[in-house]
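# A look at the structure
Here are the chains, one letter per residue:
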Amino acid sequence: MDGCVWWILWYFIPLCLLFHLLCFVFIDADFTLTRANLLGSKPERRLKGLVVWITGASSGIGEELAYQLARCGCRLILSARRQDELNRVKRQCLECSDLQEQSVFVLPLDLLERSSHEEKARAAIEHFGLIDILINNGGRSQRSLCIDTSVDVYQALMELNFLGTVSITKQVLPHMTQRRAGSIVTVSSIVGLAAAPLGTGYAATKHALQGFFNSLRTELTDFPNIHISTVCPGPVVSKIVQNAFTEEVDKVMRFICLRTLGGFCPHLSH
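By the naming in an unreviewed UniProt entry, the protein chain is Dehydrogenase/reductase (SDR family) member 7, taken from Takifugu bimaculatus. Among the UniProt annotations of the protein chain, the heading Sequence similarities (unreviewed entry) holds the following wording: "Belongs to the short-chain dehydrogenases/reductases (SDR) family."

## What to know about the pairing of strand 4 (residues 133-136)
Residues Ile133 and Ile135 of strand 4 are buried on one face, and the alternating residues Leu134 and Asn136, pointing to the opposite face, are buried as well. Bridge count for strand 4 against strand 5 (residues 182-187) is four bridges, and the pairing is parallel. Bridge pairing in strand 5 links Leu134 to Ile184.

## Looking at the sheet that holds strand 5
Two strands in a sheet stick together by hydrogen bonds in their backbones, pointing the same way (parallel) or opposite ways (antiparallel). Pairing in this open sheet of six strands is parallel, and the strands run 3-2-1-4-5-6 from one edge to the other. Each edge of the sheet is formed by a strand with only one pairing partner; in this case those strands are strand 3 (104-106) and strand 6 (226-231). When strand polarity is set aside, the average angle formed by the axes of neighbouring strands in this sheet is 15 degrees. In this structure, strand 1 (residues 51-55) lies alongside strand 4, joined through three bridges in parallel fashion. If you follow Val52 over to strand 4, its bridge partner there is Ile133. Contacts from helix 4 (residues 83-95) reach strand 2 (75-79) and strand 3 within the one sheet, and its direction differs from that of strand 3 by about 175 degrees. Relative to the sheet, helix 5 (residues 117-128) contacts strand 1, strand 2 and strand 3, its axis offset from that of strand 3 by approximately 155 degrees.

## Re a nonpolar patch on the surface
Where nonpolar side chains cluster on the molecular surface, the patch consists of Leu15, Leu18, Leu21, Leu22 and Phe26 and spans about 540 Å² of accessible area. Note that Phe26 resides in helix 1 (residues 2-26). With a relative accessible area of 66%, Phe26 lands in the exposed category.

Calculation notes
- Residues numbered from 1 in each chain as written.
- Predicted model: local features only at pLDDT ≥ 70, side-chain atom pairs only at ≥ 80, totals over all residues.
- Heavy atoms only, no water.
- UniProt positions renumbered as here; feature names shortened; annotations may be inferred.
- Buried < 20%, exposed > 50% of the residue type's maximum accessible area, 1.4 Å probe, protein only.
- Helix = DSSP H or I, 4+ residues; strand = E, 2+ residues; numbered from the N terminus.
- Pairing = 2+ DSSP bridges.
- Axes fitted to C-alpha atoms, helices over the stretch in contact; angles between N-to-C directions.
- Contact = heavy atoms within 4.5 Å.
- Patch = residues over 30% accessible without salt bridge, like charges linked within 9 Å, V, L, I, M, F, W, Y side chains within 5 Å.
- Areas by Shrake-Rupley, 256 points an atom, 1.4 Å probe, with all protein chains shown as cover.
- Salt bridge = Lys/Arg side-chain N within 4 Å of Asp/Glu carboxyl O.

So this is what it looks like as structure tokens:
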């Protein structure tokens, strides 16, 4: 009997490890979502009718989130600086879902204009009467060597990515504590957990967000129905690199080399 158990363990454990390794390499989701999908579960049904405010909704991850959430039946508040792009995203949301015109609210927002955030949050809450989920997605990346980068770039990154996100969160949090329910989801980055070249300032802002929201989570123990989540994507296909900061605040990126350093290029602009 003992020999049979050892034989099973000898083969079963390596097979399990191999299976999980293959899942890690090839599956485009975490194991919980993959299991739900394989078993036919539809957890996204719980999102129907919820009010979701997305910052940085005019492109990239924010834009795609808007489409996915629209299909789930969420009522959306779309924010970014470019109102024309937000209107385009709104039209797409209406076309790809059963939402009505009034179910998608375009609310232009500049994360750098912190003095306007109280008014913007009030407008967001008044439109639908509540906010169930805040998705902090707005921000910019960076592609430049530290030795070449102006301190002004680091300040601009921190003002936008960190302080802008904190400011919006602080405007929405009292509404959620009053309701004793809600979710705050912040799109960080894998560089918020691990180092990467050519993005020292960007990585610093994402590390700062990790620390802020981890600490905030501990302060909300009396509000178990307020959930704080931080998402750390790896590389994504979007315009984030084209819009990234370089060595100087007003210097734009001229070209990008994607064949070196896993998508980072040491020669960013000329």
